[in-house]
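Coordinate inspection notes
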Amino acid sequence: MAVDDLWYLKKRGPNRPDGKPGPFLPSKRHGRGKRWRVRYTDDTGQPRERLFDRKPDAERWDATTRADVARGVYVDPDAGKVTVKAYGEQWRANQLHRDSTAERVERALRVHVYPVIGGLPMARVRRTSIQTWVKDRAQVLEPSTLRVVYSYLASMFLAAAIDRVIGVNPCQGIHLPDVPRTDLFVPTTEQVYAISDAFAGQNGKQGLYQAQPLAAAATGLRQGELWGLELEHVDFLRRKVIVAQQLKVIAGRRPFLAPPKTPESCRTVDLSQVGAETFAQHIEAFSITEVEIDDETNPRKPIRRKAKLIFLNGNGDPVNRSGWSHLWTPAVARAGLPKGFGFHALRHYFATVLIHGGASVKTVQLALGHTTPTITLNTYVGHWPDAVETTRTLIDSALRRPTAAALAAVQ
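A closer look at the overall build of the chain
Assigned secondary structure in the chain consists of 15 helices and 12 strands. When the 411 residues of the chain are sorted by exposure, 39% land in the buried category. A separation threshold of at least 6 residues defines the contact pool for the chain, and within that pool the share at least 24 residues apart is 60%.

Some remarks on the nonpolar core
Core analysis: the biggest nonpolar cluster contains 54 residues, and I195, L226, L229, F279, F311, W324 and W328 have the highest contact counts within it. Broken down by element, the residue count for this core peaks at 6 residues, all from helix α11 (residues 344-356). For L229, the contacting residues outside a window of four places in its chain are L221, V234, V241, I242, F279, K308, L309 and I310. Counting residues in hydrophobic clusters, the runner-up holds 30 residues, among them L141, A159, A160 and I166.

A few points about the packing of helix α2 (residues 84-93) against helix α3 (residues 99-117)
For the pair α2 and α3, the least separation of the axes is 10 Å and the interaxial angle reads 165 degrees. Taken as axis vectors, α2 and α3 run roughly antiparallel relative to one another. Both α2 and α3 take part in a crossing whose hand is right-handed. Within the contact between the two elements, α2 uses V84, K85, G88, E89, W91 and R92 and α3 uses V105, E106, L109, V113, Y114 and I117. Across the contact of α2 with α3, the residue classes break down as 7 nonpolar, 1 polar and 4 charged.

Remarks on the sheet that holds strand β4 (residues 36-41)
Read from one edge to the other, the open sheet built from 3 strands follows the order β1-β4-β5, with strand pairing classed as antiparallel. Looking at strand neighbours, the two that pair on one side only are β1 (3-5) and β5 (47-52), the edges of this open sheet. In this sheet, neighbouring strand axes are inclined to one another by 25 degrees on average, regardless of whether the strands run parallel or antiparallel. Strand direction decides the pairing type here: β1 and β4, joined by 3 bridges, are antiparallel. From the neighbouring strand, D5 faces β4, where its bridge partner is W36.

As for the side chain of E225
Checked against the element boundaries, E225 lands in helix α8 (residues 223-227). Among the residues examined, E225 registers a relative accessible area of 1% and is labelled buried. At a separation of 2.9 Å, a polar atom in the side chain of E225 contacts the side chain of R267. Setting aside anything within four residues of it in sequence, one finds E225 in contact with V243, Q245, Q246, S265 and R267.

Some remarks on the packing of aromatic side chains
Under the defined criterion, the tally for this structure stands at 11 aromatic pairs. Ring geometry for F279 versus F311: centroids 6.1 Å apart, planes at 45 degrees, classification tilted. Residue F279 is found in helix α9 (residues 273-285), and its partner F311 is found in the loop between β12 (303-307) and α10 (321-334); the two are separated by 32 residues along the sequence. With a relative accessible area of 1%, F279 lands in the buried category. The class of F311 is buried, set by a relative accessible area of 1%. Within the aromatic cluster, the residues linked to one another by ring pairs are F185, F199, Y209, W227, W324, W328, F341 and F343. Against the face of F24 rests R12, its NZ or CZ located 3.9 Å from the ring centre. The cationic tip of R253 hangs over the ring face of F256; the distance from NZ or CZ to the ring centre is 3.8 Å.

Looking at the sheet that holds strand β6 (residues 234-235)
Pairing within the open sheet is antiparallel, and its 3 strands lie in the order β6-β7-β10. Of all strands in the sheet, those with a lone pairing partner are β6 and β10 (267-270), marking the two edges. The pairing of strand β7 (residues 240-243) with β10 spans 4 bridges and is antiparallel. Pairing of I242 across the sheet is with T268, part of β10.

Focus: the packing of helix α6 (residues 189-197) against helix α7 (residues 211-219)
At a closest axis distance of 7 Å, the pairing of α6 and α7 adopts a crossing angle of 150 degrees. As the angle between them shows, α6 and α7 are arranged roughly antiparallel. Together, V192, Y193, I195 and S196 of α6 and P213, L214 and A217 of α7 make up the contact between the two elements. Residue composition of the contact of α6 with α7, by class: 6 nonpolar, 1 polar and no charged.

Some thoughts on helix α12 (residues 361-368)
Buried within α12 we find V364, Q365, A367 and L368. On an axial view of α12, the arc spanned by its buried residues comes to 165 degrees, and they lie on one face. Contacts from the buried residues of α12 go to β10, α11 and α13 (373-380).

With respect to α9
With 13 residues, α9 extends 18 Å from end C-alpha to end C-alpha; this agrees with the ideal 18 Å at 1.5 Å per step. Among the residues making up α9, those that are buried are G275, A276, T278, F279, H282 and I283. Here the buried residues of α9 occupy an arc of 160 degrees about the axis, which is enough to place them on one side. Elements in contact with the buried residues of α9: α7, α8, β6 and β7.

What counts and what doesn't
Residues numbered from 1 in each chain as written. Predicted model: local features only at pLDDT ≥ 70, side-chain atom pairs only at ≥ 80, totals over all residues. Heavy atoms only, no water. Helix = DSSP H or I, 4+ residues; strand = E, 2+ residues; numbered from the N terminus. Buried < 20%, exposed > 50% of the residue type's maximum accessible area, 1.4 Å probe, protein only. Contact = heavy atoms within 4.5 Å. Core = buried A, V, L, I, M, F, W, Y, C linked by side-chain atoms within 4.5 Å. Axes fitted to C-alpha atoms, helices over the stretch in contact; angles between N-to-C directions. Parallel < 35°, antiparallel > 145°, perpendicular 65-115°, else oblique. Left-handed = near helix turned anticlockwise from the far one by under 90°. Nonpolar A, V, L, I, M, F, W, Y, C, P; charged D, E, K, R; others polar. Pairing = 2+ DSSP bridges. Polar contact = N/O pair within 3.5 Å; in protein donor to acceptor, adjacent residues only side chain to side chain. Phe/Tyr/Trp six-rings, centres within 6.5 Å; stacked < 30°, edge-to-face > 60°. Lys NZ or Arg CZ within 6 Å of the ring centre and 35° of its normal. Arc of directions from axis to C-beta. Expected span 1.5 Å × (residues − 1).

Here is the structure:
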């Protein structure tokens, strides 16, 4: 029997005077605690039980639970008692995130999720709980940043629903603040040279960091890709730059070499004459010496080796992003560039030069190492003037009302 009466034994007392069976004998628990117990086997084969005050509630639970187990949709009621923070840490530990992504996820959950809803049991989080969290975080985060943090939270609850820790994913029908569309700031050629010249005379006659803005503008490399370049990756004879790794900096450890951002980021970039001269002048002014560095380009076989990195800091070590910001921000001010002007804008310069020179979407995508042409189009959609003009011409040709003379000529 699946539903047990805990207040009475299955054993009866003496028969009544009329010969009918006597009443069931009370158990030691009679009158104490919940009376009805449902015993069942969950979807993992483990025996379970749940107690109820009323027999109809117990019977209803018994029927529903047995059906859920049979259909493979059973949700363990105890699993949902784990807090958002406890489940979040478990979920985070099982993700195949890159080091930098793992660092961002950890910080996002620790700073923006756990202080607000971290103490709630997973099963008690409702859609309104998530929407209230979004409204609260919208007061302190930019819409674009909030969307990134929310994506981590939504992924966590989706995993919980798939694993049947919770019955329903509360991250459904959530409204997020609109992200205002902002135009890319693309520096002019004069501004590229201005930021380069702002480093002149620092850490050497030419300036140890002077070549980096020009090299980035000439190749479109991401900052980590540029810092991860070794001497062997610049082929002056064939005028190519090989992107095979990047320099990564995460909290709590020294800079190390890692695979590029995506498989598509492994690429060969054509090296212009200006780019070749920039690299050559830097290499001539600052002799390239070997530095000891952790190489995790093959995550399964990390090694420590010597590398001839082209760009190092003033101490002859791999560049550290935190130290770089103390150099970059004053240089931006000296160059007269807008506050907040970032190194990534030099990548935009490279892309738009190709676009305005007539390069196709596919060509630009491959040069930048984007995963898909869609990313390239979405980022630089407003920078294909010829395509826009072609669209206008095609529509005008197709939609223009025929003139009387044109109709007469056809007849």
